[in-house]
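Structural description and commentary
What follows is each chain in one-letter form.
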Amino acid sequence: MTDPLRCAIYLRVSLDVTGEQLAVQRQRADCLRIAHQRGWRVVDEFVDNSVSASDKHKARPEYDRLVAAYEAGEFDALVCWDLDRLTRQPRQLEDWIDAAQDRDLLLVTANGEADLSTDGGRMFARIKATVARGEIERKAARQRAAALQRAERGKPPLGVRLTGYTPAGEVIEQEAAIVQQLFDRFAAGDSLRALAAWLTESGVSTRHGRPWNPSSVRTILVNPRYAGHAVYQGTTNGKQGTWEAIVEDDVFRLVEAKLADPRRKTQQGTDRKHLGAGLFECKKCETKLRSWSGNRYRCPNGCLTRAQQHIDDLVLKTVRERLARPDLVELITPAESDKAKSASEEVKRLAKRLERIEADYDAELIDGRRYKVSSQKVMAELAEARLTQARLSTRHAAASTLTAADPVTAFDSAPLMIRRNVVDALCVVKVAPTPRGRKAFDPESVAIEWREDQD
Ligand SMILES: [Zn+2]
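Here's what I pulled together on the structure shown here. Quick caveat: nothing in here was measured; it's all calculated off a predicted structure.

**Digging into the sheet that holds strand E10 (residues 305-307)**
If you walk across this open sheet you meet the three strands as E8-E9-E10, and the pairing is antiparallel. Where the open sheet ends on each side, the last strands, each with one partner, are strand E8 (290-292) and E10. Adjacent strand axes in the sheet meet at a mean angle of 35 degrees when their direction is disregarded. Of the strand pairs in this sheet, strand E9 (residues 296-298) and E10 are connected by three bridges, and their pairing is antiparallel. Counted as the bridge partner of Arg298 is Thr305 from E10.

Structure, rendered in structure tokens:
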């Protein structure tokens, strides 16, 4: 029985920022499997870490040692993960091809692409080395593979760190508190623009040091990593990250729903400055009041124009009294979050159905007329489901104020949008016209009706 062939393994990663050598481990496992399958004995392993193979001026000490070892006749077979890993310089590759041809070196790649012991394998290797494949493309593919591996291990992704976390994925308390507030305030109805202004005011800097704008705020709000979900290529892979979540799953889902709410776009830019605008109703025609010049509310149908101050004061005072009552908690039923959950599932289901209809149309499985009919029907259902979802999420956002240890203080210190939501969650405010010439404020002219049925 002859001795098994002596085999060397060459591994290299050019992008191992963390030094965790995940990529090397991955390559090693693949290479060892090949050696084992072929019955070779591994005599040495050469690892170049974080050294580029495309720049011939860059020293690759282990590569040099590998060449020396081969010259010294220390191995008969070489396994590398990919030819890219061995060399990206055609001249160096030719040396290995010569070695394979003239001196019977068995050179195989772990991905099975190249076997320099065969004509086909040599040709493949030459083509691969000479045809200019986009360097960037390959780099991107490797980064994706590493990102996928990290996501599968539930590790925080590499790259620019996320606001709220250190690059290693540890929570920075101060930033985390701001991120939490950001989610809460958006869930409660603050606009992206208002939040950007708030962040800038509070002196928090963006990761790139640029001023905040609605889109950089949005980037934070849509990032599932804040809820502790591992992410790969922009979508969650259903795995839970190893890092600590900053934002509760429920809150994250609500924010997601609000961002997807088609009504949001039209509401943007109309940051509410008044408690009752678009919230209080005209008692006569039940239309929502608008704010009017001189700090007044006005019914769009012209039934009334009234000073805001007294009405707002009365509503705030009444709501405070309600918040101070011990039975407050009954207003928030646990069923709320279940309803929100099923609403968001319904939205997802319909969105998927719409996608399928579009795919069927693209694949010419259905004709244009059927496409139109079915897609319009689903779109209508989807709009309806999104409304339900947004309505529930607004109520839920108010609940965080309602469930605070001291709801009155929480209410008073909350931003206007949150106070509006709390008012909306608790009651309906109906404002009646006042008789002409009457100066004194009459509390009877403002009806505050509690929402008893919290459905
Ligand atoms: Zn009216």
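**Thoughts on the sheet that holds strand E7 (residues 281-282)**
Spatially, the three strands line up as an open sheet ordered E7-E11-E12, and their pairing is mixed. With partners counted over all chains shown, the strands left at the sheet margins are E7 and strand E12 (446-450), one partner each. Of the strand pairs in this sheet, strand E11 (residues 427-431) and E12 are connected by five bridges, and their pairing is antiparallel. Paired with Lys430 across the two strands is Ala447, which belongs to E12.

**Topic: the packing of helix H12 (residues 308-324) against helix H16 (residues 416-426)**
Each pair of packed helices can be described by the angle between their axes along with the distance between the axes. The contact between H12 and H16 brings their axes to 11 Å, and the two run at 70 degrees. With respect to their mutual orientation, H12 and H16 come out roughly perpendicular. The way H12 lies across H16 gives a crossing that is left-handed. On H16, the residues that touch Val315, Val319 and Arg322 of H12 are Val422, Val423 and Leu426.

**With respect to the nonpolar core**
Of all hydrophobic cores here, the largest spans 44 residues; its most connected members are Phe183, Val217, Val247, Val255 and Val431. Going through the elements one at a time, helix H7 (173-187), helix H8 (192-201), helix H9 (214-221), helix H10 (249-260), H12, H16 and E11 are the ones with two or more residues in this core. The element that contributes the greatest number of residues to this core is H16, accounting for six residues. Grouped together as the second largest cluster of nonpolar side chains are 25 residues, Ile34, Ala77, Leu93 and Ala110 included.

**What about H7?**
The end-to-end C-alpha distance of H7 is 21 Å, a good match for the 21 Å that 15 residues give at a rise of 1.5 Å each. Residues Val179, Leu182, Phe183, Asp184, Arg185, Phe186 and Ala187 constitute the buried set of H7. Remark: Gly189 follows H7 within two positions and exhibits a positive phi of approximately 120 degrees.

**Let's talk about the environment of Ala176**
Note on placement: Ala176 falls in helix H7. Between the alpha carbons of Ala176 and Thr163 there is a distance of 7.6 Å; along the sequence they are 13 residues apart. Sequence-distant contacts of Ala176, defined by excluding residues within four places in its chain, comprise Gly164, Val171 and Ile246.

The rules behind the values
Residues numbered from 1 in each chain as written. Predicted model: local features only at pLDDT ≥ 70, side-chain atom pairs only at ≥ 80, totals over all residues. Pairing = 2+ DSSP bridges. Helix = DSSP H or I, 4+ residues; strand = E, 2+ residues; numbered from the N terminus. Axes fitted to C-alpha atoms, helices over the stretch in contact; angles between N-to-C directions. Parallel < 35°, antiparallel > 145°, perpendicular 65-115°, else oblique. Left-handed = near helix turned anticlockwise from the far one by under 90°. Contact = placed C-beta atoms within 7 Å. Core = buried A, V, L, I, M, F, W, Y, C linked by C-beta atoms within 7 Å. Buried ≥ 20, exposed ≤ 12 C-beta atoms within 10 Å, placed from the backbone. Expected span 1.5 Å × (residues − 1).

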